[in-house]
Amino acid sequence: MFNVIVMKLNLTTGIVPSLNVSAGLLGFFFVRMWTAAVERMGFLCHPFTRQENTIIQTCVVSAYGIAFSGGFGSYLFGMSDKIAKQATEAKDANNIKDPHLGWMIGFLFLVSFIGLFALVPLRKIMIVDYKLTYPSGTATAYLINGFHTPEGAKLAKKQVKTLGKYFMFSFFWGFFQWFYTAGDECGFKNFPTLGLEAYNNRFFFDFSPTYVGVGMICPYIVNVSVLLGGILSWGVMWPLIAKKKGSWYLASVDDSSLHGLQAYMVFISIALILGDGLYNFIKVLIRTIAGFISMVQQNSKGMLPVSDNGSSMSATEALSFDDERRTEIFLRDQVPKSVAYGGYVVVAAISIGTLPQIFPQLKWYYILVAYVVAPVLAFCNAYGSGLTDWSLASTYGKLAIFVFGAWAGLSHGGVLVGLAACGVMMSIVSTASDLMQDFKTGYLTLASPRSMFVSQVIGTGMGCVIGPCVFWLFYKAFGDIGESGTEYPAPYAIVYRNMAILGVDGFGSLPENCLTLCYIFFAAAIAINLARDLTPHRVSRFIPLPMAMAIPFYIGSYFAIDMFLGSMILFVWERLNKAKADAFGPAVASGLICGDGIWTLPQSILALAKVQPPICMKFLSRSTNAKVDSFLGLS
C-alpha cells in the first residue's frame, strides 16, 4: 500500500512526506486486530508489544523507502528514452536505458543492501555514547510507546477510525472523479477554479485529496514556500520570458523544447535546488565536524569508544535507570562486526562484478571508488541527520552525477554513468541514515538491534521487488507517464537527466540569458538560507525555503494550492481545538493520502484492461464553446 502511495507522489510532484506515523498507526491497528481475533479462537495469549510494533514499523518503512531512493521518479526513470527525447542532447543509445522489470530489480538488490552494513559497527557510538537526537526516530518511538499504554491504545483506536473514515472518502472520491476523465484534459483535475487564464498558467485547484493531506503533514513554511515559488515562476517569470520568444530563443521552437521556454523552467529550478543543496551540505558538514570534535574532546581518554561489549565513554552525568536499561538491551543483542564488515565486502565485490553487466558504460573502477568513499559519506549523512534530522542523500547523489559523469565523458555514456552512480551513492547513504533512525527508535522502545537489522534486511528485500513492480504497473498502464502536463509528469526525471548532461557537457546549449538567471537564482538560494540562519527565529520562520520554492517551477502551481488548502484546514482546526488537531490531524491527512493513493491501483488495472471512463468533463471559454456548438450544428 505504501509503495503505491510513494510511487504516485514520486511521479506527480516528487514531494514525499514522512509516512512513519501512518505506518506505525496501521501496524498497531492491524496486528492488534489480528491478535485479538486469534486470541478469541484460543490459539494465542501473548500481548502485542511495543518491540513487535517497532519491528513491523522498521520493515514497512524500509520497504517503501526503496520506492523513493530507487529513483523511479528521478535518476532511474531519467535514463529512459521517453525522458531523453525531452532533453537537449545525449539522445544516443549509449546514454539511454529503458526501464525493464528484470534489470531494475537486479540493480536495486545490488545497491540497496550495502548501506545496511556500512554503519552497523558505529551504532553504539552514535546512539549510546554520543546520544544523537535523531528527531524522526525519537518521535516515532514516543508514538509507539504511547500506543502501548491504556490511554494510548484508546486514542490509537479513535485515530485509526478517523483514518479509515477519510480513507474511504478519499478512495471513493477518486473513483467518482474517474468517470469524468474519458479524454485529454477532462475531469475534476482540470477544473479551472481560478479562471481559464489562470488555468492556462497552471493555477487551479485540482481536487486532489493526496496533496490536501500532504499539506496537513508538511510544516506551514513548506506549503507557503511552494505556493510562493508557483506565483514567482508561473505568475511572473514564465509569462515575461514567453514574451521574449524570438529574441532570447527562436520563435520556431516549441515551448516544451529544452531549447525554448522549458529550458528556463528546468535549469532555473536546478540552480535553486543545487544552491540550496550546496548550502545545506556545507552547513551540516560543518556542524557534523564541530559536533564530532566536541564529542571526542569530552572523552577523557581522547579516543573513539569503539568497543561493542565494553563500557561506554566515561559519562559526565549519571545515567538514569531507564537509560541504563535501554543501553543494556541495546548492547545485548548485537549484530557481529564480522557480519557487518564481511557483508559490506561481499556485497561490494558482487556489485563491482555485476553492475557493469547491467550498465556496460559503468566501469568496475567507478563502482570501486564509490564503495570506498560511500562509508565516509554515509557516516557524515547519518551523523548530520542525528543532529539536524536533515538527510542529504539526494545531495550526495547529485554530487555523484557530476563527478562520475564528467569522469566518463559524453562519448563514453557519461549521462548514463552519472545517473547510475547517483543511484549507487544515494541508496547507500540513504539506507545507512534510515537504519540509524530506526536504531534510535529501537533504543527508546527496548527493541532488539539484531531483530531490527533483520527486519530492515527483509523490508529492503521486499522493497527491491515491490517497488519496481509498482513502477512497472504505472509505466505500462499510463502511456503518457513522464510527459510534462500529464497526470504523471515525473518532474525530477528530466531534472536529474539534465544535471547529468550539465556534468558531461557544460552550459553551451542553453538559450540566451538562461545561464545568467541560473547564476542569480543559485546565489539567491544561498542568500535566502543565510538569512534564515542569521536572523532571529521570530523572523526566520517567515523566510521561505528555496528547495520548496523550486518544486513548482517546472510542473505548475496546482498542487501548491492543494497543499496550501491543507495547511489552512489544519491552521483553522488548531485555532478551534489544538488538542484535537494535534491528535487527529495526522490521521486525517494519512487517510486522505492513503485512500487517493490506493485508488491508483484499481485505476491502473482498469487502464491495462482497456476499460475507459464513460464521460469527458471539459471546460471551454464562451467563444470556443460557440464555435463547437456551431460546428456540431447545435446553434
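Description of the structure in this document. Residue positions within a chain follow its written sequence, with the count starting from 1. The model is predicted, so local features are restricted to residues of pLDDT at least 70 and side-chain atom pairs to those at 80 or more, both for listing and for counting; the totals for chains, interfaces and linings are taken over all residues. Derived side-chain values reflect all non-hydrogen atoms in the structure, with water molecules and hydrogen atoms excluded from consideration.

## A closer look at the layout of surface pockets
Estimates place the volume of the second largest pocket at around 1,400 Å³. Buriedness for pockets is judged along seven lines, at least five of which must meet protein on both sides within 12 Å for an open set on the 1 Å grid over protein atoms alone, while cavities are sets there where a 1.4 Å probe fits but cannot get out, and lining residues have an atom within 4 Å of a point. Lining the second largest pocket are 48 residues, with Glu185, Asn190, Asp480, Thr486 and Glu487 sitting closest to its centre. The numbering of helices and of strands both runs from the N terminus, where a helix is a DSSP run of H or I of at least 4 residues and a strand a run of E of at least 2. Of all the elements in the fold, those that place two or more residues in the lining of the second largest pocket are α1 (2-12), α10 (150-178), α11 (196-200), α12 (209-217), α20 (449-477), α26 (558-576) and α27 (578-608). Considering every element that reaches the lining of the second largest pocket, the biggest residue donor is α27, with 5 residues. Polar here means any residue outside two lists: the nonpolar Ala, Val, Leu, Ile, Met, Phe, Trp, Tyr, Cys and Pro, and the charged Asp, Glu, Lys and Arg; Gly therefore counts as polar. Grouping the amino acids of the lining of the second largest pocket by side-chain chemistry returns 19 nonpolar, 17 polar and 12 charged. Grid points are joined across faces, edges and corners, and a volume is the space filled by probe spheres set on the points.

## Here's the deal with the nonpolar core
We call a set of buried Ala, Val, Leu, Ile, Met, Phe, Trp, Tyr and Cys residues a nonpolar core when their side-chain atoms join them within 4.5 Å. Exposure is judged per residue with a 1.4 Å probe applied to protein chains only, and the accessible area is read against the type maximum: over 50% gives exposed, under 20% gives buried, and values in between give partly exposed. Counting residues in hydrophobic clusters, the biggest one holds 185 residues, and the most contacted among them are Phe107, Trp238, Ile268, Leu355, Phe359, Tyr371 and Phe559. Here this core takes 18 residues from helix α19 (residues 414-445), the largest share from any one element. Should any heavy atoms of two residues lie within 4.5 Å, those residues are counted as being in contact. Excluding anything up to four places from it in sequence, Leu355 contacts Phe107, Leu110, Val111, Leu362, Ile367, Tyr371 and Val424.

## Thoughts on α20
What a helix should span is 1.5 Å times the count of its residues minus one. Compared with an ideal rise of 1.5 Å per residue, which puts 29 residues at 42 Å, α20 spans 41 Å between its outermost C-alpha atoms and is within 8% of the ideal. Here the bend at a residue means the angle between the axes of two seven-residue stretches, the one that ends at it and the one that starts at it. The sharpest bend along α20 reaches about 25° and sits at Gly463.

## Considering helix α18 (residues 393-408)
The terminal C-alpha atoms of α18, which comprises 16 residues, lie 22 Å apart, in line with the 22 Å expected from a rise of 1.5 Å per residue. Within the span of α18, buried status applies to Ala393, Thr395, Tyr396, Gly397, Lys398, Ala400, Ile401, Phe404, Gly405 and Ala408. Directly after α18, the chain includes Gly409, whose backbone phi takes a positive value near 85°.

## Considerations on the side chain of Ser112
By secondary structure assignment, the location of Ser112 is in helix α6 (residues 101-112). A distance of 2.8 Å separates a polar atom in the side chain of Ser112 from the backbone oxygen of Leu108. Once residues lying within four places of it in the same chain are set aside, the contact partners of Ser112 are Ile66, Ser427, Thr431, Thr460 and Cys464. Polar contact is defined as a pair of N or O atoms within 3.5 Å, subject to the rule that within protein one atom must be able to donate a hydrogen and the other to accept it, and that residues adjacent in sequence are counted only when both atoms are side-chain atoms.

## A look at a positive patch on the surface
A cluster of like positive charges, contributed by Arg32, Lys154, Lys157, Lys158, Lys161, Lys165 and Lys580, occupies part of the molecular surface. The leading source of residues in the positive patch is α10, at 5 residues. Inspection of the secondary structure assignment puts Lys157 in helix α10. Residues form patches when they are more than 30% accessible in relative terms and have no salt bridge. Like charges link within 9 Å. Nonpolar side chains (Val, Leu, Ile, Met, Phe, Trp, Tyr) link within 5 Å. Residue-level accessible areas treat just the shown protein chains as cover; the underlying method is Shrake-Rupley with a 1.4 Å probe. Think of a salt bridge as a Lys or Arg side-chain nitrogen and an Asp or Glu carboxyl oxygen that are within 4 Å of each other. Neither His nor the chain termini are counted; the positive set is Lys and Arg, and the negative set is Asp and Glu. A single reference atom marks each charge: NZ on Lys, CZ on Arg, CG on Asp, CD on Glu.

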